[in-house]
Amino acid sequence: VIVIPMLIGMYIFSFHKYFIYVWQEFLSFCFLIGGGGIIYMLLRNPINVSYYGGMFLVFMAGYFFVKLRFFYAVIPGILLVIIYNGGSVIFKSFFNPDYIYLLSTNAFYISANIIGAVALYYIERLERIDFFQKLMLSEKQNEIELINQNLENEVSERTNLLDVRNR
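Here the structure is a predicted model, which is why all the values come from computation and not from measurement.

Caption draft 1: Structural detail: the pattern of salt bridges. Enumeration over the complete set of coordinates arrives at five salt bridges. Linking Glu124 and Arg128 is a salt bridge whose minimum nitrogen-to-oxygen distance equals 3.6 Å. Here Arg128 and Glu124 lie together in helix 6 (residues 99-166), a separation of four residues that amounts to about one turn. Here Glu124 falls in the buried class, since its relative accessible area comes to 14%. We classify Arg128 as partly exposed; its relative accessible area is 46%. Between Lys140 and Glu143 there is a salt bridge, with the nearest N and O atoms lying 3.9 Å from each other.

Caption draft 2: Looking closely at helix 3 (residues 50-65). Turning to helix 3, its buried residues number three or more, namely Tyr52, Gly54, Met55, Val58, Phe59, Gly62 and Tyr63. Here the buried residues of helix 3 occupy an arc of 165 degrees about the axis, which is enough to place them on one side. For helix 3, the exposed residues set more than 90 degrees away from the buried face come down to Leu57 and Phe65.

Caption draft 3: Seen up close, the packing of aromatic side chains. Inspection of the entire model under this criterion finds 14 aromatic pairs. Ring centres of Tyr11 and Phe15 lie 5.2 Å apart, and the angle between their planes is 85 degrees; on these two criteria the pair is classed as edge-to-face. Summarising the burial analysis for this pair, Tyr11 and Phe15 share the class exposed. An angle of 55 degrees between the planes, with centres 6.5 Å apart, marks the rings of Tyr63 and Phe64 as tilted. In this structure Tyr63 comes out as buried when scored by relative accessible area, which is 1%. What makes Phe64 partly exposed here is its relative accessible area of 25%. Taken together through their ring pairs, the aromatic side chains of Phe56, Phe59, Tyr84, Phe108 and Tyr109 make up a single cluster.

About the cut-offs
- Residues numbered from 1 in each chain as written.
- Predicted model: local features only at pLDDT ≥ 70, side-chain atom pairs only at ≥ 80, totals over all residues.
- Heavy atoms only, no water.
- Salt bridge = Lys/Arg side-chain N within 4 Å of Asp/Glu carboxyl O.
- Helix = DSSP H or I, 4+ residues; strand = E, 2+ residues; numbered from the N terminus.
- Buried < 20%, exposed > 50% of the residue type's maximum accessible area, 1.4 Å probe, protein only.
- Arc of directions from axis to C-beta.
- Phe/Tyr/Trp six-rings, centres within 6.5 Å; stacked < 30°, edge-to-face > 60°.

See the structure below:
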């Protein structure tokens with residue numbers, strides 16, 4: 001009721017010219033809402049194992065597929081773990097959590113966040129290094145082009161001087 005209409009609205013908004021300025025914040029919010037929807041389903045029906053896998057898909061989508069920046073992915077990832085734990089404690093009359101089970105799922109969710117955050121950090125770092133290398137290469141190419149132009153002008157001047165001397 002909430003997640004799918006919001007994602008459809010986000011998809012439609014992605015065609016707007018202002019989307020490029022706010023897409024990180026909006027998709028970070030979608031990451032949080034999508035994970036919150038799965039947490040809601042987990043608390044309502046903890047026996048359904050596919051919801052646990054859905055949480056991993058949400059984590060991986062936020063960290064890798066959507067290409068959120070580091071803080072826009074890490075903050076919702078951490079918040080989702082906090083919401084999951086808070087919800088299981090607050091709604092324990094519905095959930096009746098086995099705390100050993102809750103501890104083991106937390107280990108998986110926290111490790112998924114750590115792995116995703118470290119990998120995302122290194123992906124961003126490599127992309128920045130690549131960007132600066134391309135920028136430096138472009139500057140050097142412009143410098144070489146300028147040197148070549150000066151050489152061509154010098155050759156042209158000397159050729160003209162030789163022509164004048166020969167005449």
